[in-house]
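Topology and contacts: notes
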Amino acid sequence: MSADQIINPIDLRDFLKSQGWLVFEQALDDRLFVFSSPAFPRRQLVFPMDLTAPDYVETVNLVIDKMCELTGASRNSLVAKLLSIRDDVLRLRVVNGANDYDVPLSFASSLITNAEKLLKAAACTVLRPRAHHPRLSLSEANQLIEKSRFGQTERGSYVVKVSCPLNALEVQGSLELSDSDAPFVRQVTLSLNQALQQLTSAIEADSIDSLVSRIRTSSSPLVSSNLCEALSGMHDDEMDNSLDLSFDWSLLRHLPPQTRSQPIRIQRDYFARVEEIRRELRSVEREQQDTFIGTVERLDGEMGDDGRRSGAVVLAVLLAEEGESVRARTVLTPEQYSIADQAHMTNGAYVRVTGRLRPGRQPRQLTDITDFGIVRN
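Not measured: the values here are computed from a predicted model. (Residues numbered from 1 in each chain as written. Predicted model: local features only at pLDDT ≥ 70, side-chain atom pairs only at ≥ 80, totals over all residues. Heavy atoms only, no water.)

1. So, the overall build of the protein
- Looking only at helices and strands, the protein features 10 helices and 14 strands.
- Once the C-alpha set of the protein is aligned to its principal axes, its extents read approximately 100 × 55 × 35 Å.
- Each of the 377 residues in the protein was classed as buried or not, and the buried ones make up 48%.
- The long-range share in the protein, meaning contacts at least 24 apart out of those at least 6 apart in sequence, stands at 64%.
- Here the protein displays about 19,700 Å² of accessible surface, and carbon together with sulfur accounts for 45% of that area.
- One way to put it: in the protein the 43 positive side-chain charges average out to a point 1 Å from where the 52 negative ones average out. (Helix = DSSP H or I, 4+ residues; strand = E, 2+ residues; numbered from the N terminus. Buried < 20%, exposed > 50% of the residue type's maximum accessible area, 1.4 Å probe, protein only. Contact = heavy atoms within 4.5 Å. Areas by Shrake-Rupley, 256 points an atom, 1.4 Å probe, with all protein chains shown as cover. Lys, Arg positive; Asp, Glu negative; His and termini not counted. Charge placed at Lys NZ, Arg CZ, Asp CG, Glu CD.)

2. Description of the environment of Trp21
- You can see Trp21 is positioned in the loop between helix H1 (9-18) and strand S1 (22-23).
- Sequence separation of Trp21 and His133 is 112 residues, and the distance between their C-alpha atoms is 45 Å.
- When sequence neighbours within four positions are dropped, the list of residues in contact with Trp21 reads Leu16, Phe35, Ser36, Ser37, Phe40, Arg43, Leu45, Met67 and Leu70.

3. Looking at the environment of Arg265
- Locating Arg265 in the fold gives a position in strand S8 (residues 264-266).
- In the structure, Arg265 is positioned 23 residues away from Ser242 in sequence and 7.2 Å away in space, judged by C-alpha atoms.
- Once residues within four sequence positions are removed from consideration, Arg265 is found in contact with Arg93, Val95, Thr200, Leu243, Asp244 and Tyr270.

4. Description of the sheet that holds strand S2 (residues 32-37)
- Taken in spatial order, the three strands of this open sheet run S1-S2-S3, and their pairing is antiparallel. Each of the sheet's edge strands pairs with one partner strand only, and the pair in question is S1 and strand S3 (40-48).
- Two strands pair when backbone bridges link them, and S1 and S2 are joined in this way by two bridges, in the antiparallel orientation. Looking across to S2, one finds that Val23 is bridged to Phe35. (Pairing = 2+ DSSP bridges.)

Below, the structure is given as structure tokens:
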């Protein structure tokens, strides 16, 4: 254990407890952690409770060596688990048959960028499940990226390792998961793991159409176009690489029984199918019943027998979740049309409209209007 790999006594304690070791509480008064295990009845592991103890590093190294001897684990893998015990770790391994130790610089940059996009897409799905996120700009998703750490690459392959602290954010997601009371970061990594399983299973079973149909009709889809876009960006045409994604889960939180721990491989021939799914999901939009704020862009009404105008107008309405505006066409009564005309002729005037915004090409249809008025300052 080097100077930059000091393992905290609490982390070592929690790791040993997760492996079935029992703490001898009487030793706590002497500022010592003493552990025994039913699996190794004639063994004890002892180390100081204080980092400042003169023999702290020496005794922790002895504990690690003894654990390696008892379990058969390598020292490097055991130290890695101890250093990341409070993190869920995502590993992205680039599999390139011709060269397994380096990648083009431009692709390395793209890989890191898309690893960030992958986590943001999963975070946005936990918060607001949908087939396509117009923007990955939710504050919680950005906070997760700020809290995550880029780890060392590993020998034998090109690996991007991202550590996500389990308790980095106190946020409650709205996605329905088997472990819905888990911390937000665990919900993100669980949803990403399950989404990747759904995606690869559909490709391998040749059931992409069925997957897309389920996503279109689901109120809480796990797979989004943004996730597919991030995966597509992790393939280089010249290298024609595959990609292994694996999760090292924090030992401080139990996993749901069905969680897959083995690496999930996106084979080189899968990426074209991932791109197909991305295009299909990119066009998915859901109806929105809400009150919108916007401006009147065009008046296309007609004069009625009573001398009053009514009919079609085109609005530019702001979609608050996406932070962008879309053009929408609606049909107004004479009273509503008069208000629209007044707003159209007033510089800087905004209108408030309550109705159902339909999906489709712009101008989208805004129907079932129940309220229309000018926003007063």
